[in-house]
Structure formats: structure tokens, C-alpha cells
Amino acid sequence: ILFEVYVVKDDAINLTVMADDIETYTQSSAQDPLRGLSSCLHSGQSSRINCTYKNEGSSHSYEDSSFRITLGGDSFYGVLDGHDGAEVTKFARDTLIHEITKTSPDPRVVLEQAVKNVDLQLHERIRPLVEERASIKIKISGAKNTYEAWQAYPDEITRLGDIEDQIKGGTTAVVAMVKDNVLYVANVGDSRAVLVSLGSTPPNDNNVEFQIDQLSEDHTTANDNELDRLAGLGLDKQQIQGTRRVGSMETTRSIGDFGVKWGYKDFDILSNATNPPVICDPYVSQGLPINSSFYFLFLMSD
């Protein structure tokens, strides 16, 4: 889990806290740097502003990442939630930074194309592996079962496993852009952006009312729009909803994950799809002019 928390005010959006929970980092923590800071359950690692920390004894790679940039008066922020390795997350973060800082009169187009271009560039990097994978599958297609394939094509089966390991990684992402004092958000997968604003009731000494708005869209099988999209591809909506997975995926959209995107026919539950069920198309919010009611912007992974 990774949270990034920003203070959002007129003409300014500043990073204030980065931790995977919102606990107070007190003076006593200086004696024990990890005190009060939780971390990834698998890797034992997480980060704060300008630093990364890790519990001893964990060999699992840390697969989340984030970035924050100010360029020419514009601000850019992102949180990425990787899986099946950290390489895709690192590539996506670095490429997203390049893509979202491109100049365009329409920030929403920039955000949409940024996510799509990252996925495309990642695919171009592994295209030879994808093509080799397809070639091997054609070669061993005559085998009646897995055992027979192992007996007849041991080298090819071993190589196929190596390729699967190299192409299975992926990441979700949520990105925020502040341009001309307007906030834009884009996400792919289930990484979220949540805006906390002051409510309509004026704050006083005893009470402060907040309004909570999710600016992103969860791309999961709990989303009726995503279920309808999958059904439109010829998939069994109830079956997908029952398993709450799309093949091996918990999300219906992501960056990377080409083992599922291009190997979806290998999954019984996805084999009837007319096109890849897992896609990279992001949700992009309408621009929100920043005003005095804006209080916090949370960017988070699950």
C-alpha cells in the first residue's frame, strides 16, 4: 500500500506526507527510523519523502513507486502499484514522467496518451519475446497434453516458462496534473485519487465538515461498466463477477501484463473473447479549477 498526500490550495499544490499510512511521524521516531511506519507486507519496504526504508530479512522486491515534479509552473504527481516484479513499475514511472510533461493545449489528451504510450513502448521492448512465445506455442500445439509436450519438447517448454516470467509483470497507476491552477487526474487499474474539500458548512472551533470525492475510476470486476465491456467481448458476465478475476488479473486495465493481454486465449474464462479483455485505456477526469475549499489530494495504491 502506498499513499501520497498533497495539500491543495489556490495557486499551489505541495507534497506534505508520503507513507503507506497516515500515522504521525514524531520526534521519538528519530531514534528508531522505522517506528510508526508500516511497510509492504511482502517486501518489508516502503518510503517517505526523499528516502526508502526496508525491514531486514525480506527478499521480496518492492514493486510500488511514485514521482513528483514541478516544471514551468505545472505540477505532476503519480503513484504506481506494480505486481510480478518491479521492472515494469520502474519503466512505467520513468516513461510516464517523460510523456506527461509534453506540451499540449489539452491536458486530458496528454494524460490519456501518456498511459497508452507507456504501454505501447513497453510492448515494443518485449515484442521479440511475445513473438517467440507465439512461435513456440505453434510448435508444441500438436501435443495432446502438458506431459506429452514436456516429453517431446523439453527445451521449448523450459524456454516458454522463461519467457512467461519476463512478460508477466505489470502495474496500475494514478497520475495527477496541475496546469494553470486546474487539477486533472488519470488512472488505469485500481489505484485511486481522492480529493478532500471543505464542506458547505463554515468551519468553527468545534466542527469542520469535509467533502470526499473520488476522482478516479476503479477498473475491477466490481465496476458495472467494466463488466459490461467484458460482456461485449463475448465473456460470461456472471462467471467473471463470481471469480472477481480476469484470467490471472485482479484488475481489468493495467500497464504491461502482456502474458494476459496477448495470452488471454490460454485462460478458459477468457478464451471466448473477441479482443484482449485487459486493456491499458485510462480513465481521465474533467479538469477541476483549484479553489479555497480544496484541502487534500490523496493518490494511493491498494
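Look up a bit, the structure's there.
Overview of the structure. Quantities reported herein were computed from a predicted structural model and do not represent experimental measurements.

The next subject is the pattern of salt bridges. When the charged atoms of two side chains with opposite charge come close together, those side chains can pair. Inspection of every chain in the model, using the stated rule, returns 17 salt bridges. The shortest N-O distance in the salt bridge between arginine 93 and aspartate 94 comes to 3.0 Å. For glutamate 132, the salt bridge identified is with arginine 159, shortest N-O distance 2.8 Å. With a gap of 27 residues between them, glutamate 132 in helix H2 (residues 107–139) and arginine 159 in helix H4 (residues 154–167) connect regions that are remote in the sequence. Given a relative accessible area of 29%, glutamate 132 falls into the partly exposed group.

Take the side chain of threonine 251 next. Relative to the assigned elements, threonine 251 resides in the loop between helix H6 (237–243) and strand S11 (255–256). Within the structure, the side chain of threonine 251 is placed 3.3 Å from the backbone oxygen of arginine 253, a separation counted as a polar contact. For threonine 251, the contacting residues outside a window of four places in its chain are Thr172, Gly189, Asp190, His219, Thr220, Val246 and Val278.

Moving on to a nonpolar patch on the surface. A cluster of nonpolar residues, Val208, Phe210 and Ile212, forms a patch on the protein surface that exposes about 270 Å² of accessible area. Take phenylalanine 210: it is sitting in strand S10 (residues 210–214). Its relative accessible area of 39% is what places phenylalanine 210 among the partly exposed residues.

Moving on, we come to the environment of valine 284. Mapped onto the elements, valine 284 comes out in strand S12 (residues 283–284). Sequence-wise, valine 284 and valine 174 are 110 residues apart; in three dimensions their C-alpha atoms are separated by 9.8 Å. Residues within four places of valine 284 in sequence aside, it is in contact with Arg108, Leu111, Glu112, Val185 and Ala186.

Take the packing of aromatic side chains next. All told, the structure shown has 3 aromatic pairs when counted by the stated rule. On the basis of an interplanar angle of 50° and a centroid distance of 5.2 Å, the ring pair of phenylalanine 210 and tyrosine 295 is categorised as tilted. You can see phenylalanine 210 sitting in strand S10 and its partner tyrosine 295 sitting in strand S14 (residues 294–300), a full 85 residues away along the chain. Here tyrosine 295 and phenylalanine 296 contribute two aromatic rings whose centre-to-centre distance is 4.9 Å and whose plane-to-plane angle is 85°, an arrangement assigned as edge-to-face. With relative accessibility at 30%, the residue tyrosine 295 sits in the partly exposed group. A connected cluster of aromatic rings, assembled from ring pairs, spans Phe210, Tyr295, Phe296 and Phe298.

Once that is clear, we can look at the packing of helix H1 (residues 87–100) against H2. In a packed pair of helices, the relevant descriptors are the angle between the two axes and the axis-to-axis distance. Taken N-terminus to C-terminus, the directions of H1 and H2 make an angle of 135°; their axes are 9 Å apart at the nearest point. On the basis of their axis angle, the class for H1 and H2 is oblique. Along this stretch, H1 crosses H2, giving a crossing that reads as right-handed. Mapping the contact onto sequence places Val88, Phe91, Ala92, Thr95, Leu96, Glu99 and Ile100 in H1 and Val110, Leu111, Ala114, Val115, Asn117, Val118, Gln121, Leu122 and Arg125 in H2.

Quick look at the environment of valine 110 now. Tracing the backbone through its elements, the reader meets valine 110 in helix H2. Between the C-alpha atoms of valine 110 and valine 284, which are 174 residues apart in sequence, the distance is 10.0 Å. Not counting residues up to four positions away in its chain, the partners in contact with valine 110 are Glu99, Ile100, Lys102, Ser104 and Met177.

Core analysis: the biggest nonpolar cluster contains 36 residues, and Phe67, Leu96, Ile100, Leu111 and Ile255 have the highest contact counts within it. Within the residue set of this core, elements represented by two or more residues are strand S5 (64–71), strand S6 (74–83), H1, H2, H4, strand S7 (170–179) and strand S8 (182–188). Considering every element that reaches this core, the biggest residue donor is H2, with 10 residues. One finds Val185, Ala193, Ile290 and Leu299 within the second-largest nonpolar core, a separate group that totals 14 residues.

In this section: helix H5 (residues 224–232). Turning to H5, its buried residues number three or more, namely Glu226, Leu227, Arg229 and Leu230. All buried residues of H5 lie within an arc of 160° about the axis, which places them on one face of the element. In H5, those exposed residues whose orientation departs by more than 90 degrees from the buried face are Asp224, Asn225 and Gly232. Check the buried side of H5 and you find it contacts H6. Taking the backbone nitrogen of asparagine 225 as reference, a side-chain oxygen 2.8 Å away marks asparagine 223 as the first, capping residue of H5. After H5 finishes, the residue glycine 234 shows a positive phi value of roughly 100°.

Compared with the 20 Å implied by 1.5 Å per residue over 14 residues, the 20 Å span of H4 between its first and last C-alpha is a close match. Listed in full, the buried residues belonging to H4 are Glu156, Ile157, Leu160, Ile163 and Ile167. Relative to the axis of H4, the buried residues are bounded by an arc of 120° and lie together on one face.

About the criteria used
- Residues numbered from 1 in each chain as written.
- Predicted model: local features only at pLDDT ≥ 70, side-chain atom pairs only at ≥ 80, totals over all residues.
- Heavy atoms only, no water.
- Salt bridge = Lys/Arg side-chain N within 4 Å of Asp/Glu carboxyl O.
- Helix = DSSP H or I, 4+ residues; strand = E, 2+ residues; numbered from the N terminus.
- Buried < 20%, exposed > 50% of the residue type's maximum accessible area, 1.4 Å probe, protein only.
- Polar contact = N/O pair within 3.5 Å; in protein donor to acceptor, adjacent residues only side chain to side chain.
- Contact = heavy atoms within 4.5 Å.
- Patch = residues over 30% accessible without salt bridge, like charges linked within 9 Å, V, L, I, M, F, W, Y side chains within 5 Å.
- Areas by Shrake-Rupley, 256 points an atom, 1.4 Å probe, with all protein chains shown as cover.
- Phe/Tyr/Trp six-rings, centres within 6.5 Å; stacked < 30°, edge-to-face > 60°.
- Axes fitted to C-alpha atoms, helices over the stretch in contact; angles between N-to-C directions.
- Parallel < 35°, antiparallel > 145°, perpendicular 65-115°, else oblique.
- Left-handed = near helix turned anticlockwise from the far one by under 90°.
- Core = buried A, V, L, I, M, F, W, Y, C linked by side-chain atoms within 4.5 Å.
- Arc of directions from axis to C-beta.
- Expected span 1.5 Å × (residues − 1).

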